[in-house]
Protein chains: 2
Amino acid sequence: MSAADAPAQRPWLDTPAGPLRSRLVLGIEQYPSAQLIADVLTAGGCDVFITTFDLRSRRSSVPLFDVAAVLDVETFTWVGTTSFARSEDEALRTVEMLHGSFAITTIKLDVRGEDNTPDVPATLRVARELCTQGFAVLPLVPADVAVVAELVDAGCAAVRLVASPVGSARGIADPVAMRLAIEAAAVPVVVECGIGSVAHAAQAMELGADAVLVNAAVVRAADPVRMAAAMRHAVLGGRLAAGLAGQAAGGVPVPVGMV
Amino acid sequence: MSAADAPAQRPWLDTPAGPLRSRLVLGIEQYPSAQLIADVLTAGGCDVFITTFDLRSRRSSVPLFDVAAVLDVETFTWVGTTSFARSEDEALRTVEMLHGSFAITTIKLDVRGEDNTPDVPATLRVARELCTQGFAVLPLVPADVAVVAELVDAGCAAVRLVASPVGSARGIADPVAMRLAIEAAAVPVVVECGIGSVAHAAQAMELGADAVLVNAAVVRAADPVRMAAAMRHAVLGGRLAAGLAGQAAGGVPVPVGMV
């Protein structure tokens, strides 16, 4: 592949901490070593570094200093996540710690219930509060047009939409609903959760997503670095194909003739 | 994308006419211009040039001389197709013309009924005959383990397996059957028919296909050149991901954790 194959890497989102250009965003949880985190982010062509703060252990869940020793993390745009929060209060306190510890201003907002699915009412309230405080907020919610509209109204920088239940690896459970939510969103859309294969990632981009976030499918692959490179190609392929055919499930099938 | 991202381009098939390295094979039917054929093959990184001979019009269905004027077709490996044949006799006569006209020795063998699906018994008979005559034969059949075994026994160089009905753009209708057929095949496998999106192409490669053949999804895309590049990335992504996770439909789901 030559660079000429890739579309111009214009940012899909501008954050206060910097532009996000890579359409592949990789979570960095559950990795056995800092070197593997560095290798995976490099192979994936990523430019987002997702930092966390675990209120229970009172530290980042990722070995930040170890990663910084093997990767120039300053070249990444830092985004903080509240994925460990299980209540509005925990989410807000996590953001406070992320801001205080790392001067984080862009928040990957997760407020999940004990069932690990987004708590929509709680997410809406926290998103509104954080937008008011001046954060760039990227909340995780189901692919629902009205919920997305409410978050856009609240001032969210982008929305992250659930493809299928976390842990299911089922891909995009309802491609029609996903397409409608993406088309209705007035802000960039990230598709995540349940992305278990490169085909799922490609489909998300074909449906019009601005980016795809993957973690487990890469960290649990037999070769995470190779899988990160695979995801990078799949996301680029899906991005190139977006809008060219209506086929990517939920649209008008391409009439396929004889070959 | 840097070249370092791509796996070594070892041939997936050696034919008498040369090695096939590109995992993306593009049909070149239905294009409005020779220049577009050249641009699409280049964007797709293809190394196969599929020639045809239409017994009814007694000429190639593709404007060969026009294409040769804008593309160095000698650098491609030429494969002849019988996709216009609707009987055993037509298939054999088409191969005779392809061999006589272009010294074709590698045959993309299609023997379809009037319903445009492969006629399995007729395909088996013609494949056996052509193998006996010394051709490298790549027949199109359903994803069926016993049919594939019979073709391998006949000496076919590779098999081409139907993903879903031509014209449906439904992708891989039965991923479990496809995976089983691919795993059982003792020769390289090409997946084709019904590949309507880059996600379908990526999935085929994840399932273990050696190559994917696409025509209509590219020629009928709003921007065929861009779609060819998209397919190239999707196929590479799927190839990189193959065997890393069992998820690509039909396998063991990747357990996806919290991100």
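This structure is a prediction, so every number in the text was calculated from the model and none was measured.

Definitions and cut-offs
The residue count restarts for each chain, going from 1 along the sequence in the order it is written. Ligands are numbered from 1 and chains lettered from A, in the order in which they are written. Local features in this predicted model are restricted to residues of pLDDT 70 or higher, and side-chain atom pairs are both shown and tallied only at a pLDDT of 80 or more, whereas totals for entire chains, interfaces and linings draw on every residue. In this text, helices come from DSSP runs of H or I with a minimum length of four residues, and strands from runs of E with a minimum of two, each type numbered from the N-terminal end. In this treatment the radius of gyration is a C-alpha quantity, and the globule benchmark scales as 2.2 Å times the residue count to the 0.38 power. Burial in this document is a count-based property: other C-beta atoms within 10 Å of a residue's C-beta are tallied, and the residue is buried at 20 or more, exposed at 12 or fewer, or partly exposed in between, with C-beta positions derived from the backbone. By the criterion used throughout, residues are in contact when their C-beta atoms, derived from the backbone, lie within 7 Å. The term nonpolar core refers to a group of buried residues, namely Ala, Val, Leu, Ile, Met, Phe, Trp, Tyr and Cys, whose C-beta atoms join them within 7 Å. Note on pairing: two strands pair once DSSP finds at least 2 bridges between them. Only C-alpha atoms enter the line fits that serve as axes; for helices the fit covers just the stretch in contact. Angles between N-to-C directions range over 0 to 180 degrees. pLDDT measures how confident the predictor is about each residue, on a scale from 0 to 100. Angles below 35 degrees are treated as roughly parallel, those above 145 as roughly antiparallel, those between 65 and 115 as roughly perpendicular, and all remaining angles as oblique. Crossing handedness is read from the near helix: turned anticlockwise from the far helix by less than a right angle, it gives a left-handed crossing, and turned clockwise, a right-handed one. Each residue is assigned to one class: nonpolar for Ala, Val, Leu, Ile, Met, Phe, Trp, Tyr, Cys and Pro, charged for Asp, Glu, Lys and Arg, and polar for all the others, Gly among them. The definition of a right-handed crossover adopted here requires that, viewed with the strands pointing away, the path from the first strand over the helix to the second runs clockwise.

Points about the overall build of chain A
Okay, step 1: Counting its secondary structure elements, chain A contains nine helices and ten strands.
Okay, step 2: Relative to the globule expectation of 18 Å for 259 residues, the C-alpha radius of gyration of chain A, 18 Å, shows essentially globular dimensions.
Okay, step 3: Sorting the 259 residues of chain A into buried and exposed places 55% on the buried side.
Okay, step 4: Within chain A, contacts between residues at least 6 apart in sequence are counted, and of these 64% link residues at least 24 apart.

Observations regarding the nonpolar core
Okay, step 1: Judged by nonpolar contacts, the single largest core of 181 residues is most densely connected at V212(A) and V212(B).
Okay, step 2: Those residues in contact with V212(A) that sit more than four places away from it in its chain are R23(A), L24(A), V25(A), V190(A), V191(A), E192(A), I195(A), A201(A), A204(A), M205(A) and V235(A).

Description of helix α1 (residues 34-43) of chain A
All names here are of chain A.
Okay, step 1: Taken together, the buried positions of α1 are I37, A38, V40, L41 and A43.
Okay, step 2: At its buried positions, α1 is contacted by β3 (24-26), α2 (64-70), α8 (216-219) and α9 (224-241).
Okay, step 3: The positive-phi residue at the C-terminal boundary of α1 is G45, with phi of around 65°.

What about the sheet that holds strand β5 (residues 77-81) of chain A?
All names here are of chain A.
Okay, step 1: Sheet architecture is open: eight strands sit in the order β3-β10-β9-β8-β7-β6-β5-β4, paired in parallel fashion. With one partner strand each, in any of the chains shown, β3 and β4 (48-52) form the two edges of the open sheet. If you compare each strand with its neighbour and ignore which way they point, the axes differ by 25° on average.
Okay, step 2: In this structure, strand β8 (residues 159-162) lies alongside strand β9 (residues 189-192), joined through four bridges in parallel fashion. Its bridge partner being in β9, L161 is matched across the sheet by V191.
Okay, step 3: Packed onto the sheet, helix α3 (residues 88-102) meets β4, β5 and β6 (106-109) and runs at close to 150° relative to β5.

Re the confidence of the model for chain A
Residues and elements named next belong to chain A.
Okay, step 1: Across chain A, pLDDT averages 90, with 91% of residues at or above 70.
Okay, step 2: Note on residues 1-5: pLDDT is under 50 here. Beyond four places in sequence and across chains, it has six contacts.
Okay, step 3: Ignoring residues within four places in sequence, the model shows residues 246-259, a span with pLDDT below 50, making 53 contacts including any to other chains.
Okay, step 4: Confidence metrics for the complex model read pTM 0.89 and ipTM 0.86.

Points about helix α7 (residues 198-206) of chain B
Okay, step 1: Within α7(B), nine of the nine residues are buried, leaving the element largely enclosed by the surrounding structure.
Okay, step 2: Every buried residue belonging to α7(B) is among V198(B), A199(B), H200(B), A201(B), A202(B), Q203(B), A204(B), M205(B) and E206(B), and all of these are buried.
Okay, step 3: Buried residues along α7(B) sit against α7 (198-206) and α9 of chain A together with β9 (189-192), β10 (211-214) and α9 (224-241) of chain B.
Okay, step 4: Count one or two residues on from α7(B) and you reach G208(B), which has phi positive near 110°.

Some points on the packing of α1(A) against α9(A)
All names here are of chain A.
Okay, step 1: Contact geometry for α1 and α9: axes closest at 8 Å, N-to-C directions at 20°. As the angle between them shows, α1 and α9 are arranged roughly parallel. The handedness of the crossing between α1 and α9 is right-handed. On the side of α1, the interface is formed by L36, D39, V40 and A43, while α9 contributes P224, V225, A228 and A229.
Okay, step 2: Here the contact of α1 with α9 is built from residues that sort into seven nonpolar, no polar and one charged.

Brief notes about the pairing of strand β5 (residues 77-81) of chain B
Residue and element names in this part refer to chain B.
Okay, step 1: Burial runs high along β5: four of the five residues are buried.
Okay, step 2: Strand direction decides the pairing type here: strand β4 (residues 48-52) and β5, joined by five bridges, are parallel. Residue pairing for β5: T52 is matched across the bridge by T81.
Okay, step 3: After leaving β5, the chain enters helix α3 (residues 88-102) and then returns to the sheet as strand β6 (residues 106-109), a path that is right-handed.

Regarding unusual backbone geometry
For residues other than glycine, phi is negative in most cases, and the peptide bonds are mostly trans.
Residues and elements named next belong to chain A.
Okay, step 1: Even without being glycine, C193 reaches a positive phi, approximately 75°.
Okay, step 2: Mapped onto the elements, C193 comes out in the loop between β9 and α7.
Okay, step 3: In this structure C193 comes out as buried when scored by C-beta crowding, with 29 C-beta atoms within 10 Å.

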